[in-house]
Amino acid sequence: MDSMSETEYEAQMSNIPNARFFDHSTQPHIATLIILSSISALASHMFLPSLPLMAVHFESTPAVLGLSVSIFLGASAILQLAAGPLSDLYGRRPVTLWALVIFTVTSAFIAYAPNIETFLALRAIQAIAACCVVVSRAVVRDTTETAASGSKLGYVTMGMALVPMLSPILGGFLDGWLGWQSNFWFLTCIGALIWLICYFDQGETAPPSTHKITSQFAEYAELLKARRFWGYCISSALGAGAFFAFLGGGPFVGSVVFNLTPEALGIYIGVPAIGYILGNFLSGRFSRQIGIDRMVLWGLLITMAGMSLSLLVSYAGYGSATSFFGLMTFVGLGNGITMPNATAGMLSVRPHLAGAASGLGSAIMIGGGAALSAARGLILKPGSSEMPLVCLMWLSAAGGVLCILYVRRRNATLRD
């Protein structure tokens, strides 16, 4: 696609028909975008309560099985780098449908994984679900003006809040009833269902492109030179890093430190999603009036405040499963406010590269999250308390606050 100004790009939106459900001659219905934005979180969260028992099945350790979270996140980051330019070149619809086919088939294979090495390799392939997140965000940018995109992304990603809250609960009970493999059979069925929904509903929204695939990837250079793009990416990466560190270390803290059963662990892991729902609602309701930069800052401050409280409670000797997981609600609330607005900022810097910006921005965010998720393996050892994980999450949120403060100070003068 040839370079165009934001005004020209937004004028082109008027040519995209309004959504009519199950009519792929129009833009996708918002319900379809919510589903697409949620599938990666479903694959990431659902099996977490099963990690301790899966370690026994594969004759491994919970720490090694915990790598499946880091590997999934790392592979998601890499795959999203390709998903953005490919969706700009070939369209949002074909990238979505092919990604869902691969996800569905891989989820079925995981249920038959004979050893830990095969399981971890298949988890890396299953991470192709993250391409659907890239596409859903790019579609919002294709069809929504900049001023309203933060609000719409807030509503779209609200579905991502329900999945982390409900899927570990369902996964824990499925494990107790049918074994850990049932989680991946469920993902197989869901993948097939979502493919059908997208086939009938997801219309194409990407403007036609005359570029070659090499030139599409070369456009990353344009994004990487944009200082505002980097500012939003790093702010979101550090804010989300606190949540990803929780995903990597939460099962250890719950099962080893607080001796929770898989069923109870599934319920506790879903607690932060309560805050995420509220944060997404607040983003959808107020981002347009307040502005995306202020919303990002407020979200990061809320995350940092929650971790500060958790540190104080644990330091005072009153730490428990209820206090640890309950205060994670602040992490969910902060991320629910930060993520949609930081994403809207990323996509607005170069609107004609919405797909590439969505992929690269998500890759940077998730890549940082994968690193923090893996770092929890270095700080959480047998005999550890929850304190090292809380400290890591506090530092991540504090770094995000410093970054967005710098971005706000410079944003009045930055033009690239």
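Higher on the page you've got the structure.
Residues numbered from 1 in each chain as written. Predicted model: local features only at pLDDT ≥ 70, side-chain atom pairs only at ≥ 80, totals over all residues. Heavy atoms only, no water.

1. Structural notes on the side chain of Thr32
What counts is decided by this rule: Strands here mean DSSP runs of E at least two residues long; helices mean DSSP runs of H or I at least four residues long; both are numbered from the N terminus. Any residue under 20% of the maximum accessible area for its type is buried, any over 50% is exposed, and the rest in between are partly exposed; the area is computed with a 1.4 Å probe on protein chains only. Residue contacts are defined here by distance: any two heavy atoms, one from each residue, within 4.5 Å place the two residues in contact.
You can see Thr32 is positioned in helix α2 (residues 30-45). Its relative accessible area of 1% is what places Thr32 among the buried residues. Beyond its immediate chain neighbours, meaning those up to four positions away, Thr32 contacts Phe21, Ile197, Cys198 and Asp201.

2. Side note on helix α7 (residues 130-143)
The following threshold applies: Each residue after the first adds 1.5 Å to the expected span of a helix.
Compared with the 20 Å implied by 1.5 Å per residue over 14 residues, the 21 Å span of α7 between its first and last C-alpha is a close match. Counting buried positions over the 14 residues of α7 gives 14, a clear majority of the element.

3. Brief notes about the packing of aromatic side chains
Centre distance and the angle of the planes are the two values used to describe a pair of aromatic rings. Here is the rule we go by: The pairing test for Phe, Tyr and Trp rings, Trp by its six-membered ring, is centres within 6.5 Å, and the orientation test on the planes gives stacked under 30 degrees, edge-to-face over 60, and tilted for anything in between. We call a charge positioned above a ring when the Lys NZ or Arg CZ atom is no farther than 6 Å from the ring centre and deviates by at most 35 degrees from the ring normal.
Under the counting rule described, the total for this entry stands at 17 aromatic pairs. Ring centres of Tyr112 and Trp185 lie 5.6 Å apart, and the angle between their planes is 90°; on these two criteria the pair is classed as edge-to-face. Of the two residues, Tyr112 sits in the loop between α5 (92-110) and α6 (116-126) while Trp185 sits in helix α10 (residues 181-201), which places them 73 residues apart along the sequence. Taking the relative accessible area as the measure of exposure, Tyr112 reaches 60% and is therefore exposed. Geometrically, the ring pair formed by Phe119 and Phe184 is edge-to-face, given 6.1 Å between the ring centres and 80° between the ring planes. Here Phe119, found in helix α6, pairs with Phe184, found in helix α10; they are 65 residues apart in sequence, far enough to count as distant. The pair Phe119 / Phe184 is uniform in exposure class, with both members buried. Site record: aromatic cluster; members linked through ring pairs are Phe243, Phe246, Phe258, Tyr268, Phe324 and Phe325. In this structure, Arg93 packs its charged tip against the face of Tyr199, placed 5.1 Å from the ring centre.

4. Considerations on the environment of Leu224
Note on placement: Leu224 falls in helix α12 (residues 220-224). Each C-alpha atom of the pair Leu224 and Ala357 lies 9.6 Å from the other, and the pair is 133 residues apart in sequence. If near-sequence neighbours (up to four positions away) are discounted, Leu224 is found in contact with Trp230 and Leu360.

5. Things to note about helix α13 (residues 227-257)
This is how it is decided: For a residue, the bend is simply the angle between two axes, fitted respectively to the seven-residue segment ending there and the seven-residue segment starting there.
In this model, α13 (31 residues) spans 42 Å end to end at C-alpha, consistent with the 45 Å of a helix rising 1.5 Å per residue. In α13, a bend of some 45° at Gly249 exceeds every other bend along the element, and Pro251, a proline, comes one to four places later. Taking burial as the measure, the 31 residues of α13 include 24 buried ones, the bulk of the element. Backbone geometry just after α13 places Asn259 at a positive phi near 55°.

6. Let's talk about the side chain of Thr303
Considering the arrangement of structural elements, one finds Thr303 in helix α16 (residues 292-315). Thr303 sits in the buried class, given a relative accessible area of 1%. Contacts of Thr303, omitting those with residues within four sequence positions, involve Ala242, Phe330, Val331, Gly334, Asn335 and Ala397.

7. Quick notes on the environment of Thr106
With respect to the helices and strands, the residue Thr106 is situated in helix α5. By relative accessible area, which is 6% here, Thr106 ends up buried. In this structure, the C-alpha to C-alpha distance between Thr106 and Arg123, residues 17 residues apart in sequence, is 8.1 Å.

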